[in-house]
Amino acid sequence: MKIRIPFAVIITALFLWSCDEPIAYDNSSFIYNPFSITEDTLNNVTAIEAGTADIEWGSHFRAWVGETQYYKSGFTVEFILSDTLLNISAVDSVQFQVNHVVTYPDNGADSLASNYSSFGFYETMDQLIDIENSAYGIILGTDSMNIAGGNNSWKYNLPADLIAEGDTIVSLGLFPQATDYFSAFYGGGSVSRPLLNFFFHEPDSAGNDSVTVLPVLADTLFMHFAEKSGTFDRGQYEYVSQLKSDSLIITLNLQGFTVTGDTIQHIVASSLLPAIDNFASSLHMPDSVFRFSMLVEDIVSGVSSTIEYGGDGYNSNQINNIIQSAIDDERDEIEVLLRPATAGYNPGFIAISKDASASALYVKSSLAVRP
């Protein structure tokens, strides 16, 4: 069931009756009343508080390069060279290889306006990286890459004198040279992270010349990430993005569910309905994630649920276990943490109104009594 916002307060009491004696559904703890079912959309969100922190990108599965109206990003990598494995004096050439995952266009559409985009390769050893001012280090060259090809490997031949005998660390960077795209590469947490291919010749058993390739994986990856100034309306909205460890603390008033004696409120279904503005959000077409996936967690109990949002409504949204747990603990107020469940996998974000009264909690419940 898809539930759209904004939501008005709707209180509907449904009474079930039958000519026959109704059956009371029971388990070992409660007997549920089949006569009383209520279905409400309640404006009982009393506060929304935002928190933002950078993802620890060095060990993350993906790295991002690109420039859009919202973000600008690139990455640097360090390679540790071992003299026991590599004789640099015998090397004929070196390739810097990165493995491309997917590219998203700036407007969030499901197709790319162009099949190619330009990226810059940099030597970044002891260089101060200033992503906002496009200071990336010493440029080695640029190349036009097929960004519509999905999973593919891109190789760039490094200058012959870049790595010399005795070097133990090489630091390289990949940064955007064109706008309107955001590209994902395999990052530091992947076995397909960036690598250097060292090529050198040696005679084979027959005395003929043969080429040997020695690959060296990147040891450390650093993301350089900045939001474009002035593009996010933080006066009106709070944002949840998968490119940061964004989170919202949403306070819910549960006093309306307080009952006396042995009677309790049994939650049949419940959905958290933050006031998402589709026009202020940027929902890209997914690759590995079917919808914008978010984790909702009760800060006190740790009980959690995953909800998924698409541009046309919720694909899934059930937090009845969170609400039921809080009611069973006799709490009349809870704070839930809302954060992306798949951080770093999609450059999209959602904008949620800072007006707490615009958000709501949908609850379908019945009464239960202790036998």
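This report concerns the structure included in the present document.

So, how was this worked out
Residues numbered from 1 in each chain as written. Predicted model: local features only at pLDDT ≥ 70, side-chain atom pairs only at ≥ 80, totals over all residues. Heavy atoms only, no water. Helix = DSSP H or I, 4+ residues; strand = E, 2+ residues; numbered from the N terminus. Contact = heavy atoms within 4.5 Å. Patch = residues over 30% accessible without salt bridge, like charges linked within 9 Å, V, L, I, M, F, W, Y side chains within 5 Å. Areas by Shrake-Rupley, 256 points an atom, 1.4 Å probe, with all protein chains shown as cover. Salt bridge = Lys/Arg side-chain N within 4 Å of Asp/Glu carboxyl O. Lys, Arg positive; Asp, Glu negative; His and termini not counted. Charge placed at Lys NZ, Arg CZ, Asp CG, Glu CD. 1 Å grid on protein atoms, 1.4 Å probe; cavity = no way out; pocket = protein on both sides within 12 Å on 5 of 7 lines; lining within 4 Å. Points joined across faces, edges and corners; volume = space filled by probe spheres on them. Pairing = 2+ DSSP bridges. Axes fitted to C-alpha atoms, helices over the stretch in contact; angles between N-to-C directions. Phe/Tyr/Trp six-rings, centres within 6.5 Å; stacked < 30°, edge-to-face > 60°. Buried < 20%, exposed > 50% of the residue type's maximum accessible area, 1.4 Å probe, protein only.

So, about the environment of Ile80. Looking at the element boundaries, Ile80 is found in strand S6 (residues 71-80). Each C-alpha atom of the pair Ile80 and Ser171 lies 9.0 Å from the other, and the pair is 91 residues apart in sequence. Beyond its immediate stretch of four places on either side in the chain, Ile80 contacts Thr168, Ile169, Val216 and Asp219.

Taken together, the side chains of Glu49, Asp332, Glu333 and Glu335 present a region of like negative charge at the surface. Topologically, Asp332 is positioned in the loop between helix H1 (320-328) and strand S23 (333-340).

Right, let's get into empty space enclosed by the protein. This model, assessed by the stated rule, comprises 1 cavity of 30 Å³ or more. Around the largest cavity sit Thr68, Tyr70, Tyr71, Asp106, Phe182, His284 and Pro347, which together line it.

Reading across the sheet, the 6 strands line up as S4-S17-S23-S20-S21-S22 and stay open at both edges, with antiparallel pairing between neighbours. Each edge of the open sheet is held by one strand with a lone partner, namely strand S4 (45-51) and strand S22 (313-316). Going across the sheet, the axis of each strand differs from the next one's by a mean of 30 degrees, ignoring polarity. Across 6 bridges, S4 lies against strand S17 (residues 247-253) in antiparallel orientation. By the bridge assignment for S17, Ile48 is matched with Ile250.

The geometry of an aromatic ring pair comes down to the distance between the two centres and the angle between the two planes. Overall, the coordinates contain 25 aromatic pairs when judged by the stated rule. Where Tyr239 meets Phe349, the ring centres are 5.7 Å apart and the plane angle is 75 degrees; that geometry is what we call edge-to-face. Of the two residues, Tyr239 is situated in strand S16 (residues 237-241) and Phe349 in strand S24 (residues 349-353); the sequence distance between them amounts to 110 residues. A relative accessible area of 7% means that Tyr239 is categorised as buried. By the ring-pair criterion, three or more aromatic residues cluster together here, those being Trp64, Tyr70, Tyr71, Tyr104, Phe182, Phe225, Phe232, Tyr237, Tyr239 and Phe349.

Attention now moves to the side chain of Ser117. The topology assignment puts Ser117 in strand S8 (residues 116-123). The contacts of Ser117, once residues within four sequence positions are left out, are Asp143, Ser144, Met145, Ile147, Ala178 and Tyr181.

A few words on the side chain of Lys244. Tracing the sequence through the fold places Lys244 in the loop between S16 and S17. In this structure Lys244 touches Thr52, Ala53, Asp54, Ile55, Phe225, Glu227 and Pro340, once residues within four positions along its chain are discounted.

Here we take up the sheet that holds strand S19 (residues 276-282). Spatial ordering of the open sheet is given by S16-S24-S19, a layout of 3 strands whose pairing is antiparallel. Edge positions in the open sheet fall to S16 and S19, since each of these has one partner strand only. Averaged over all neighbouring strand pairs, the angle between strand axes comes to 30 degrees, with direction disregarded.

The bulk of non-glycine residues show a negative phi, and the bulk of peptide bonds are trans. Not every positive phi belongs to a glycine, and Ser134 is a case in point at roughly 60 degrees. Relative to the elements of secondary structure, Ser134 occurs in the loop between S8 and strand S9 (138-146). By relative accessible area, which is 41% here, Ser134 ends up partly exposed. The backbone of Asp180 shows a phi angle near 80 degrees, a positive value even though the residue is not glycine. The partly exposed category is assigned to Asp180, whose relative accessible area is 41%.

Treat this as a map of the structure, not an account of what it does.
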